[in-house]
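Okay, here's what each chain looks like letter by letter:
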Amino acid sequence: MADDRKLPLRAEDFSAWYNEVVLRAELADYSPVRGCMVIRPDGYGIWERMQRALDDMFKATGHRNAYFPLFIPQSFLQKEAEHVEGFAPETAVVTHGGGKELEEPLVVRPTSETIIYAMFAKWVQSYRDLPLLINQWANVVRWEMRTRLFLRTLEFLWQEGHTAHATHDDAEAEARRMLGVYRTFMEEWMAMPVITGLKTDSERFAGAVRTFSCEAMMQDNKALQAGTSHNLGQNFARAFGVTFQAESGENEYAWNTSWGVSTRLIGGLVMTHGDDRGLRVPPRLAPTEIVIVPIWKSDEERARVLEAAERIRTALGGARRVHIDARDTMKPGAKYYEWELRGVPLRLELGPRDLDRQQAVVVRRDTGEKAAVPLGDLPARLGDLLDSVQAAMLDAARTRREANSIRGGVTYDRFREIMDGDGAFVYAGWCGDAACEAAVKEETRATIRVLPDPEFRSATAPEHCLKCGRAATTEAVWAKAY
RNA sequence: CGGGACGUAGCGCAGUCCGGUAGCGCACCUGAAUGGGGUUCAGGGGGUCGCGGGUUCAAAUCCCGCCGUCCCGACCA
């Protein structure tokens, strides 16, 4: 990371910067298995924070965790026509076990709808068993042609929620509700603003009736699909016989939803908040919120500042995740650079001169602002600062996204220029024609990321389709995507 | 699977055109001094130069083949 480099960067430069940050901040590493990534402790620490926050939110919405098999009989995947078509090309298949060829090959799960709804069929008998709200934390495998650290690896970690409901409307409400949970998490924890809405048919999950998604803008103006939530209708219930007896006495198929977010979120975090000095992690997500760098010249001073650092940690009452960097093999300046690379939100510099003045120097990672704070004020001030960093990061990301969004008034020629150039979220009218959508993708590489929910739509609805000029049926957000 | 770049120490690279038995920076180890934004000095360890074959007295270097990685596409969370 050269000091003169300034984000946002474009295309190849941004990719190179991203890889460099992920590797140098020790979030992940390449593994001996091509396309598979090793998540290192620093990266996993962020994932654990994400897991905890999401899991708490799922518990609050009444979901319970369970675990289903890694292996799925190949025939299960084939029971839902669209699903098998969508996933068969990217599955890893186990053909041998115990030295013998298996009678039926086992697919390493690319997603768990099939095996989970096979079990739901046993568990659901009555409308009284519904809704059934299950979540699973697991790894899945998808044999992608090209991989990218965190964004697209052959194996990845995720959570997948699976639910069964008595009515279509209940399922629709559930899919919507969990999309909202994702949005809250992404904005309030990750400080990553998203556009929510509906996917077009071409981007819909294989087997779903409707797919909703959260789309975030990275610093190269590309879109990242950060989370999806699907209304599966009765497609899987019919395929796996998930039926229940309704209050009326009739036997009916259940209505399902599924929704998931993955370790891709870590990639999104880096590409949303990283800067020339490395990573920036929002306070609520940071495994370490505050790092104290003690400064000393003699053993006597060392003992004095370390003791003071411990007192500060104690004063914070265990409410804050604090690390005291007492390494005596590194000078303070070197430590500053290292913690900046790792993205710790607040740094507290504490030396003999500070102690003489009963103060500490607090430095924000997001803005680089420095301030001397009286020791007695630290607990309150640090709390305020962390809140302020969290809010400022979300605000900055949202401002950047809006600065790179174009709402209406774009000709198709101009649109092509934008997609050839810096890229943007372009809000444009869409006539609902899949052929038109495909033609735009062919010509510009841009796709409809999402048909935005009302609150994200432009004030004046577009009247005509960007490409073919026909009357628009809805507004679409176009962008190049990861 | 197409198009480009590349493969030399843990990491990043030079050396390849013009063949002569391997080097630099960082990291690592030892010692001393240092310590408010990447410490300094001295000493040290570590490489069958991606793999296989060929040419040659001699190959990291030239020739042929293979493998792998990264980036750009096709596929996708």
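The rules we used
Residues numbered from 1 in each chain as written. Chains lettered and ligands numbered in written order. Predicted model: local features only at pLDDT ≥ 70, side-chain atom pairs only at ≥ 80, totals over all residues. Heavy atoms only, no water. Helix = DSSP H or I, 4+ residues; strand = E, 2+ residues; numbered from the N terminus. Expected span 1.5 Å × (residues − 1). Buried < 20%, exposed > 50% of the residue type's maximum accessible area, 1.4 Å probe, protein only. Arc of directions from axis to C-beta. Contact = heavy atoms within 4.5 Å. Axes fitted to C-alpha atoms, helices over the stretch in contact; angles between N-to-C directions. Parallel < 35°, antiparallel > 145°, perpendicular 65-115°, else oblique. Left-handed = near helix turned anticlockwise from the far one by under 90°. Disulfide = S-S within 2.5 Å. Pairing = 2+ DSSP bridges. Salt bridge = Lys/Arg side-chain N within 4 Å of Asp/Glu carboxyl O.

Trainee: Go over helix α9 (residues 299-315), please, and point to the residues and values.
Mentor: Residues separated by three or four positions in an α-helix point in the same direction, a consequence of the helix having 3.6 residues per turn. The end-to-end C-alpha distance of α9, which contains 17 residues, comes to 24 Å, matching closely the 24 Å that a straight helix rising 1.5 Å per residue would cover. For α9, the complete set of buried residues consists of V305, L306, A308, A309 and I312. Summarising the axial view, the buried residues of α9 lie within an arc of 160°, below the 170-degree limit, and thus occupy one face. In α9, those exposed residues whose orientation departs by more than 90 degrees from the buried face are D299, E300, A303, R311 and T314. In the core, the buried residues of α9 are packed alongside β15 (290-294), β16 (322-324), β17 (346-350), α11 (352-356) and α12 (378-403).

Trainee: A description of the packing of helix α13 (residues 412-420) against helix α14 (residues 434-444) should follow, citing residues and the corresponding values.
Mentor: Viewed as axis vectors pointing N to C, α13 and α14 meet at an angle of 50°, and their least axial separation amounts to 10 Å. With respect to each other, α13 and α14 are oriented oblique. Regarding α13 and α14, the two cross each other, and that crossing is right-handed. On α14, the residues that touch Y412, F415, R416 and M419 of α13 are V440, E443 and T444.

Trainee: I'd love a proper account of the state of the cysteines, names of residues and values included.
Mentor: Counted according to the given criterion, the structure contains zero disulfides. For C436, which is in no disulfide, the shortest distance to another cysteine sulfur is to C465 and amounts to 3.6 Å. According to the relative accessible area criterion, C436 is buried, its value standing at 7%.

Trainee: I'd love a proper account of the sheet that holds β17, names of residues and values included.
Mentor: Taken together, five strands build an open sheet; the order of strands is β16-β15-β17-β18-β19 and the sheet is mixed. Each edge of the open sheet is held by one strand with a lone partner, namely β16 and β19 (370-374). Taking the axes of each pair of neighbouring strands and ignoring which way they run, one obtains an average angle of 25° across the sheet. As paired elements, β15 and β17 share five bridges and run parallel to each other. Following the sheet pairing, P294 is matched in β17 by L350. Seen against the sheet, α12 touches β15, β17, β18 (359-364) and β19 and runs at an angle of roughly 10° to β18.

Trainee: Tell me what's going on with the sheet that holds strand β9 (residues 195-198), and back it up with residues and numbers.
Mentor: As a general point, the strands of a sheet are linked pairwise by backbone hydrogen bonds and lie either parallel or antiparallel. Read across the sheet, 11 strands follow the order β3-β7-β8-β14-β11-β10-β9-β22-β23-β21-β20 without closing on themselves; strand pairing throughout is mixed. Each end of this open sheet is capped by a strand with a single partner; those strands are β3 (64-65) and β20 (405-407). Inspection of the sheet shows β20 paired to strand β21 (residues 425-430) by three bridges, in the parallel sense. Pairing of R407 across the sheet is with Y427, part of β21. Across the face of the sheet, α12 comes into contact with β9, β10 (210-217), β20 and β21 while running at roughly 50° to β20.

Trainee: Any details on the pairing of strand β6 (residues 100-108)? Residues and values, ideally.
Mentor: Pairing geometry for strand β4 (residues 71-73) and β6, over three bridges, is antiparallel. Within β6, the residue paired with F71 across the bridge is V108. Relative to β6, strand β5 (residues 92-97) runs antiparallel, the two sharing five bridges. When the bridges of β6 are listed, A92 appears paired with V108. Once β5 ends, the chain turns through two residues before running back antiparallel as β6, passing G98 with a positive phi of about 60°.

Trainee: Tell me what's going on with the pattern of salt bridges, and back it up with residues and numbers.
Mentor: In the structure shown here, the tally under the stated rule is 37 salt bridges. Across the pair D55 and K59 runs a salt bridge whose closest N-O atoms are separated by 2.7 Å. A residue pair is termed a helical-turn pair when its members lie 3 or 4 positions apart in one helix, as D55 and K59 do in helix α2 (residues 41-60) at four residues. The exposure class assigned to D55 is buried, which follows from its relative accessible area of 14%. Residue K59 is classed as partly exposed on the basis of its relative accessible area, which comes to 45%.

Trainee: Lay out the pairing of strand β8 (residues 155-165) with the relevant residues and their values.
Mentor: The element β8 is largely enclosed, with a buried count of nine among its 11 residues. Relative to β8, strand β7 (residues 132-141) runs antiparallel, the two sharing 10 bridges. Following the sheet pairing, V140 is matched in β8 by F156. Where β8 and strand β14 (residues 255-262) come together, eight bridges link them in antiparallel fashion. Bridge pairing links W158 to S262 in β14.

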